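Examining the three-dimensional arrangement
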Amino acid sequence: MEENIQGKQKNELVEWIKAIVFALLVAFVIKQFLFTPVLVKGASMMPTLEDHDRVIINKIGPKFKSIDRFDVVVIKMNEETNYIKRIVGLPGDKIEYKDDQLYINGEKFSEPYLEQFKKELKDTGSLTYDFTLDQNLGETTVPEGQYFVLGDNRRVSNDSRNPEVGFIPKERIMGTTSIICWPVKHIDFSFN
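The structure contained in this document is the topic of the report that follows. Residue positions are given per chain, counting from 1 as you read along its sequence in written order. Reporting in this predicted model follows two pLDDT cut-offs: at least 70 for local features of residues, and 80 or more for side-chain atom pairs to be given and counted; totals over whole chains, interfaces and linings ignore these cut-offs and use all residues. Side-chain measures were taken over the full set of non-hydrogen atoms in the model, leaving aside hydrogen atoms and water.

Before going further, it helps to examine the environment of lysine 98. With respect to the secondary-structure elements, lysine 98 resides in strand β5 (residues 95-98). Sequence separation of lysine 98 and phenylalanine 131 is 33 residues, and the distance between their C-alpha atoms is 6.9 Å. Here, two residues are considered to be in contact whenever any of their heavy atoms come within 4.5 Å of each other. Those residues in contact with lysine 98 that sit more than four places away from it in its chain are Tyr103 and Asp130. The helix count covers DSSP runs of H or I at least four residues long, the strand count covers runs of E at least two residues long, and both are numbered beginning at the N terminus.

Right, let's get into the side chain of asparagine 136. Relative to the elements of secondary structure, asparagine 136 occurs in helix α4 (residues 133-137). Throughout, exposure labels follow a simple rule: accessible area from a 1.4 Å probe, protein chains only, divided by the maximum for the residue type, with under 20% read as buried, over 50% as exposed, and the rest as partly exposed. Taking the relative accessible area as the measure of exposure, asparagine 136 reaches 18% and is therefore buried. Excluding residues within four positions of it along the chain, asparagine 136 makes contact with Tyr129, Phe131, Arg161 and Pro163.

What follows deals with the nonpolar core. For this analysis, a nonpolar core means a set of buried residues of the types Ala, Val, Leu, Ile, Met, Phe, Trp, Tyr and Cys, connected via side-chain atoms within 4.5 Å. Core analysis: the largest hydrophobic core is formed by 18 residues, its most contacted members being Ile95, Leu102, Leu133 and Phe148. Mapped by element, the contributors of at least two residues to this core are β5, β6 (101-104), α3 (115-121), α4 and β9 (146-150). Setting aside residues up to four positions removed in sequence, leucine 102 forms contacts with Phe70, Val88, Ile95, Glu96, Tyr97, Glu107, Lys108, Phe109 and Glu111. Grouped together as the second largest cluster of nonpolar side chains are ten residues, Val38, Val74, Ile84 and Ile180 included.

Attention shifts here to the packing of aromatic side chains. Ring geometry is summarised as follows: Phe, Tyr and Trp rings, the Trp one being its six-membered ring, pair when their centres sit within 6.5 Å, and such pairs are stacked at plane angles under 30 degrees, edge-to-face over 60 and tilted between the two. Scanning the entire structure with this criterion turns up six aromatic pairs. Residues phenylalanine 70 and phenylalanine 109 carry aromatic rings whose centres are separated by 6.3 Å and whose planes lie at 55° to one another, so their mutual orientation is tilted. Of this pair, phenylalanine 70 sits in the loop between α2 (61-64) and β3 (72-76) while phenylalanine 109 sits in strand β7 (residues 107-109); the two residues are 39 residues apart in sequence, bridging distant segments of the chain. In this scheme, the term charge over a ring applies when either NZ of a lysine or CZ of an arginine sits within 6 Å of the ring centre and within 35 degrees of the ring normal. Over the aromatic face of tyrosine 83 sits the side chain of lysine 85, whose NZ or CZ is 5.1 Å from the ring centroid. In this arrangement the basic side chain of arginine 86 is found over the ring face of tyrosine 113, its NZ or CZ atom lying 3.6 Å from the centre.

On to unusual backbone geometry, then. A cis amide bond links methionine 46 to the next residue, proline 47, at an omega of 5°. Residues other than glycine seldom take positive phi values, yet asparagine 105 does so here, at roughly 55°. Residue placement: asparagine 105 occurs in the loop between β6 and β7. Given the relative accessible area of 47%, asparagine 105 is considered partly exposed.

The pairing of strands in a sheet comes from backbone hydrogen bonds and takes either a parallel or an antiparallel form. Criterion used throughout: strands pair if DSSP finds at least two bridges between them. With antiparallel pairing, four strands are arranged side by side in an open sheet as β7-β6-β5-β8. Each edge of the open sheet carries a strand with a single partner, namely β7 and β8 (131-132). Across four bridges, the pairing between β5 and β6 is antiparallel. Residue pairing in the sheet places isoleucine 95 in a bridge with isoleucine 104 of β6.

A pair is scored as a salt bridge if a Lys or Arg side-chain nitrogen falls within 4 Å of a carboxyl oxygen belonging to Asp or Glu. Evaluated as defined, the whole model comprises four salt bridges. The salt bridge involving arginine 86 is made with aspartate 152; its shortest N-O contact spans 2.8 Å. Of this pair, arginine 86 sits in strand β4 (residues 82-89) while aspartate 152 sits in the loop between β9 and β10 (168-169), and the two are 66 residues apart along the sequence. For the residue pair arginine 86 and aspartate 152, the accessibility class agrees, reading buried in each case. Here arginine 154 ties to glutamate 111 by a salt bridge, and the two come within 2.8 Å at their closest N and O atoms. Of the two residues, arginine 154 sits in the loop between β9 and β10 while glutamate 111 sits in the loop between β7 and α3, which places them 43 residues apart along the sequence. When sorted by exposure, arginine 154 lands in the same class as glutamate 111, which is buried.

What follows is the structure in structure tokens.
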């Protein structure tokens, strides 16, 4: 009888170990290949994202569907640094900013995610200085397979306007994000 109880306990322990190992394996696969949290560092995406917000990036989405204009993406800049920026220019686009207004291929585009910020800053000048791709990067259009990205806080963002950052190849885009998961007061499941 005692051997039967010990055998059941041993079997139960083995089943618990299997369940824990399986759960850890599933968590690892999800984090590595599907979704992962990323810490926002800096003010370049304010007011959309604030310093120390945590967002969840969707790593699998961009592999199966196109990256769309105005998606917020996480970009692998180097081994230690990721940037979080907004896609503004798609391959083949001609981008220009004039009088704090975005023009893509000569057409005026609204950026509703910036309206409140522009109102708050209107007495101190424009949010985005005037530029063209040719002036900043020596290209008239966004090259094939690359993207032009901007931070929402245009006055402080180190983004595609800077030749050191430049156009972003699709391979460096880790994924898209639209979920703020931390801190609690900032939780949002669709901030785009």
